[in-house]
Amino acid sequence: MAADEVNPEELEIADELIAERRAEAPGETPEDMTSWQRPITAAIDVINYRAGQIIALLMVPLIVVVVLEVISRNSFAILQNAGFEDLARTLGLGPTLWVYDTSRMIAGVLFMAAAGYGLMRGVHIRADFLYRNWSAKTQATVDATLYLLFFMPSMIIFTIIASEFWWLAFSRGETMQVDSAWGPLLWPARLAMPVGGFLLMLQGIPEIFRAFHKMGKERERWFVRALPVYVILLTWLFLAIFQPSMVPGGDAFTDLMSARPNLDKATIGLIMLGAMLFVIFIGFPIAFTLIFLAFVFGIWGANFKLTTLLMTLNTNSTMLNDQLMAVPLFVLMGIVMEAAGLMDRLFASIQMIMSRVRGALFIAVLIVSTIFAAATGIVGASVTLLGIMAGATMSRSGYDVKLAAGTITAGGTLGILIPPSIMLIVMGPVLEVSTLDLFRGAFIPGALLATLYLLYTLGRCWLNPDLGPVLAEEDQPKTSAFYGAEVALICLGVLTVCRVFGLALGGTFGAVIPFGGLFVLVITCAVAYGAYRRLNLLRIVLPIAVIFHLYMIVANMGEDGSLPTWSITFAAFTVLLAYLARPIYGAAADSEFYFSDLWDEFFAGLMPPTILISFALGSILFGFATPAEAAAMGAFGAILLSVGYGKFTIPSFFDSLIKALEITVLIMFLVAASNFFGAEFSALGTPKMMTELLLGMEMSPYLILIVIMALIFLLGWPLEWVPIVLIVVPILLPTVEALEVHGLDRYDLMVWFGILIAVNLQTAWLSPPVALSAYFLKGVVPNWDLKDIYLGMMQFMVIQLIGLTLLFIFPQLVLWLPRVMSGG
């Protein structure tokens, strides 16, 4: 393999989130590790590895129960509307009581019980902005110190308190009462908390031993000598907390924990915030840092009992959150689709279709990146895959490196914004708004940015053809003499199928016959395929399709006879396509017109993922399914696509489950930790104090919002979106809620603010010198100079800022679709 080529099989779909994933196999230890530490490390690694493998399999029943619920409920609704309710009940169709609670308990167990596996695989995120610049010995020393001082005490307390919390539910037979019609027993799901805490605490031992090994024998001896003293002090600490009468000084320690602080609580919260920033930038895994600091400052500012109550309640709430249940399922959907190789086929076909257009590869990259963003929602996967597919081809075709790098990185960052963005799913509960409305609000901004990218690249190529030259004549595909008519007919056919699909999804045909939408869609696709293969049928179908579109446009006419602007534009576009297709009625077309083979490849790459994404997103946007249900349907559909393309094997699917579990643990455990930290921080009253301070400065609310956006932008350099959304945003939220901007109420303000954050962080991904997208691209296209990649990214960063400014000035770009689709 050449030096500038990368094996797609080695692609990790979550590289931007899991930067420190451990390379060695579970149970494998360095030969020069201290002899007595090796078997302990290997044994605990294997225990957590096997636990993770078992827990990953829970995604299968999670998908199954949710898919069955969606099919059963919607089938019942269709038959009921058609007057066949008795038949539906006879078949046992209809909504269930048990699936909702069962599915969210399974999802909660996924991340909580697998936390130890996540640590063993090295997937817990850390802000290594400073950490990575230290020597290996310094890193190991810091790690060992913080594991001993922060991690082990926190995890032991967590495990003990979680065990008590579980025992309470078990002994009392507690059932799920809030937001549950079924009322299942809580203790099976809550068991994941003490089990997960114990496995996580257990995994801390190998991590300490690995740090000992990396720091060198001389430093290790000092730590090993101090271990007996550490164990004694740790034992005394926990006896003093839980059994104070058993140890000397226990009662005094209890009095100390119960003492009122000399400082006011808001000031303690400021110290807590400063300590959090300091420790995070040292480079220790963020989730464990937050848990430890929440314990320490919660006890200092309030008391031990309140602190542990907040911990258990927030962890339990995160486990049972029905919106966050979509995270593992959408992640799995993206991983399975990527593994099926659908994007490679799509990119190659679009490249051939646009081969006679300047900047054809730019168009292909932006189309594929938009579709792939909707499939994965993960930036690193998109940038890496696009770099593998397009980088070498762009170099061979003489494309400008700067513009090529900018297009790939900018297109890849769309995964943050375009639904089903994982970030928006996590952000919904933080902002206390519906994930559905965030998805709807992100739709137009995502399309706006993709359009701005496309206009910029094509405009540059039009002004300077050397930036994106037309493909060489010998490399262009063989087509008929009526290639323009081919393109026009394909566009009109796709528009027609999409129009029928939208009507079917909206229930237009369901009132006529049961499953009418499905029947009409199948018939339309069959007729379209027949017209694609037979010229005579095509000549008949073309005018019918045009009349259909014109009729639908007239049907949208207002009572006063007016037509919406979009409707007039669509009518003009339809007529233009029909005009461009008119040569098929000429005599020469009988012998010379045919659809090129490249269209077969195009549809093979485009239609399956597009239909899958359309079903998943369409069901969310139209309110037919919750994000979690759509995610389950999407994951199920991705598996079917993988089977259909002959890419499905049990080992590869299991590997996809493992990857999805790792990303889920990373995100969800940090969600739980940040919720605990945020609850303690809010209880101290610091956010309220900060809000009053900012509002008291008599600054314009728009200026305050700009300052907040600038802060988030700067934090987007060294930090991932996960800690920003889960830690920084909740701190700033009270201030934003108090602002009066554009006359928005609280809910609309939060939806708008959430999309501004998403676009802002997308911009930060393109901002040197810490832009991670540049390093992903450099890794797969090593012959491109990093300076050129930076210069290319900065061009698109300016476009991002233009888009962000438009959204800031015109909030209706975000809010129009949520209002229309919710009937507001």
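Described in the following lines is the structure provided in the data block. (Residues numbered from 1 in each chain as written. Predicted model: local features only at pLDDT ≥ 70, side-chain atom pairs only at ≥ 80, totals over all residues. Heavy atoms only, no water.)

A count of helical and extended segments in the protein gives 35 helices and zero strands. By the compact-globule yardstick of 28 Å for 824 residues, the protein fits well, its C-alpha radius of gyration being 29 Å. Based on the C-alpha atoms only, the size of the protein along its principal axes is roughly 105 × 65 × 60 Å. Burial status across the protein gives 56% buried among its 824 residues. When contacts within the protein are restricted to residue pairs at least 6 apart in sequence, those whose partners lie at least 24 apart make up 81%. (Helix = DSSP H or I, 4+ residues; strand = E, 2+ residues; numbered from the N terminus. Rg over C-alpha atoms; globule rule 2.2 N^0.38 Å. Buried < 20%, exposed > 50% of the residue type's maximum accessible area, 1.4 Å probe, protein only. Contact = heavy atoms within 4.5 Å.)

Taken as a whole and judged by the stated rule, the model has 17 salt bridges. A salt bridge links Arg 746 to Glu 432, with the shortest nitrogen-to-oxygen separation between them at 3.9 Å. Taken together, the positions of Arg 746 in helix α32 (residues 746–764) and Glu 432 in the loop between α19 (422–431) and α20 (435–463) put the pair 314 residues apart, joining distant regions of the chain. On the basis of relative accessibility, which here comes to 28%, the residue Arg 746 falls in the partly exposed class. With its nearest N and O atoms 2.5 Å apart, the salt bridge here joins Glu 737 to Arg 746. Judged by relative accessible area, which is 34%, Glu 737 ranks as partly exposed. (Salt bridge = Lys/Arg side-chain N within 4 Å of Asp/Glu carboxyl O.)

Here Glu 432, not a glycine, exhibits a phi torsion of approximately 60°, which is positive. The phi torsion at His 742 lies on the positive side, around 55°, for a residue other than glycine. Inspection of the secondary structure assignment puts His 742 in the loop between α31 (721–737) and α32.

Turning our attention to the packing of aromatic side chains. As enumerated under the stated definition, the model contains 31 aromatic pairs in all. Centre to centre, the rings of Phe 242 and Phe 304 are 5.9 Å apart; their planes meet at 80°, and the pair counts as edge-to-face. Here Phe 242 is found in helix α9 (residues 217–242), whereas its partner Phe 304 is found in helix α13 (residues 304–319), with 62 residues between them in sequence. Measuring from centroid to centroid gives 6.5 Å for Tyr 702 and Phe 808, while their planes differ by 70°, and the two rings are edge-to-face. Residue Tyr 702 is located in helix α30 (residues 701–715), and its partner Phe 808 is located in helix α34 (residues 786–809); the two are separated by 106 residues in the primary sequence. Ring pairing ties together the aromatic residues Tyr 147, Phe 150, Phe 151, Phe 284, Phe 288, Phe 292 and Phe 669, which thus form one cluster. Between Arg 225 and the ring centre of Trp 222, over which it is positioned, the NZ or CZ distance is 5.6 Å. (Phe/Tyr/Trp six-rings, centres within 6.5 Å; stacked < 30°, edge-to-face > 60°. Lys NZ or Arg CZ within 6 Å of the ring centre and 35° of its normal.)

With respect to the helices, strands and loops of the structure, Glu 220 is situated in helix α9. Within the local environment of Glu 220, its side chain forms a polar contact with the side chain of Thr 34, the two groups lying 2.6 Å apart. Residue contacts for Glu 220: discarding those within four places in its chain leaves Thr 34, Gln 37, Phe 212 and Met 215. (Polar contact = N/O pair within 3.5 Å; in protein donor to acceptor, adjacent residues only side chain to side chain.)

Below, the discussion takes up the environment of Gln 351. With respect to the helices, strands and loops of the structure, Gln 351 is situated in helix α15 (residues 342–353). Its relative accessible area of 12% is what places Gln 351 among the buried residues. Residues Gln 351 and Met 794, spaced 443 residues apart in sequence, show a C-alpha to C-alpha distance of 25 Å. The contact partners of Gln 351, leaving out residues within four places of it in the chain, are Ala 360, Leu 361, Ala 364 and Thr 393.

Here we come to helix α6 (residues 136–172). What sets the pattern is the α-helix's 3.6 residues per turn: residues three or four places apart point alike. Here α6 contains 37 residues, and its C-alpha end-to-end distance of 50 Å stays within 8% of the 54 Å for a straight helix at 1.5 Å per residue. Residue Tyr 147 marks the point of greatest curvature in α6, where the axis turns by about 40°. In the stretch just after α6, Gly 173 is the one whose phi turns positive, near 65°. (Expected span 1.5 Å × (residues − 1). Bend = angle between axes of the 7 residues up to and from the residue.)

Formed by 253 residues in total, the largest nonpolar core has its most connected members in Met 394, Val 426, Phe 593, Trp 752 and Phe 753. Among the elements that take part in this core, helix α28 (residues 650–683) stands out by supplying 19 residues, more than any other. Ignoring anything within four residues of it in the chain, the contact list for Phe 753 reads Leu 431, Leu 705, Ile 708, Met 709, Ile 712, Val 729, Leu 733 and Val 736. Membership of the second largest hydrophobic core comes to five residues, among which are Met 105, Met 176, Leu 186 and Ala 189. (Core = buried A, V, L, I, M, F, W, Y, C linked by side-chain atoms within 4.5 Å.)

This part is about a nonpolar patch on the surface. Judged by side-chain polarity, Phe 573, Leu 576, Tyr 579 and Leu 580 come together as a nonpolar surface patch covering roughly 380 Å² of accessible area. Along the chain, Tyr 579 falls in helix α24 (residues 565–580). (Patch = residues over 30% accessible without salt bridge, like charges linked within 9 Å, V, L, I, M, F, W, Y side chains within 5 Å. Areas by Shrake-Rupley, 256 points an atom, 1.4 Å probe, with all protein chains shown as cover.)

Before going further, it helps to spend a moment on the packing of helix α14 (residues 326–339) against α19. Contact geometry of α14 with α19 gives a least axis separation of 10 Å together with a crossing angle of 175°. By the angle between their axes, α14 is roughly antiparallel relative to α19. On α19, the residues that touch Ala 326, Val 327, Phe 330 and Val 331 of α14 are Ile 422, Ile 425 and Val 426. Taken together, the residues of the contact of α14 with α19 sort by class into seven nonpolar, no polar and no charged. (Axes fitted to C-alpha atoms, helices over the stretch in contact; angles between N-to-C directions. Parallel < 35°, antiparallel > 145°, perpendicular 65-115°, else oblique. Nonpolar A, V, L, I, M, F, W, Y, C, P; charged D, E, K, R; others polar.)

In this model, helix α27 (residues 627–644) (18 residues) spans 25 Å end to end at C-alpha, consistent with the 26 Å of a helix rising 1.5 Å per residue. A large share of α27 lies buried, amounting to 13 of its 18 residues. Where α27 terminates, the next one or two residues include Gly 646, which has phi positive at roughly 70°.

On to the environment of Pro 95, then. Here Pro 95 shows up in the loop between α3 (85–90) and α4 (98–113). Classification of Pro 95 as exposed rests on a relative accessible area of 56%. Sequence spacing of Pro 95 and Asn 74 is 21 residues, and the spatial spacing of their C-alpha atoms is 8.4 Å. Sequence-distant contacts of Pro 95, that is, excluding residues within four places in its chain, are made with Glu 69, Arg 73 and Phe 76.

Before going further, it helps to examine the side chain of Asp 45. With respect to the element layout, Asp 45 can be found in helix α1 (residues 37–56). Those residues in contact with Asp 45, other than ones at most four positions away along the chain, are Gly 27, Met 120, Gln 203, Pro 206 and Arg 210.

Here Phe 602 lies in helix α26 (residues 597–621). Through-space distance from the C-alpha of Phe 602 to that of Gln 351 is 9.7 Å; in sequence the pair is 251 residues apart. Sequence-distant contacts of Phe 602, defined by excluding residues within four places in its chain, comprise Leu 346, Ser 349, Ile 350, Ile 353 and Met 607.

Interpretation in functional terms is not warranted from these geometric data alone.
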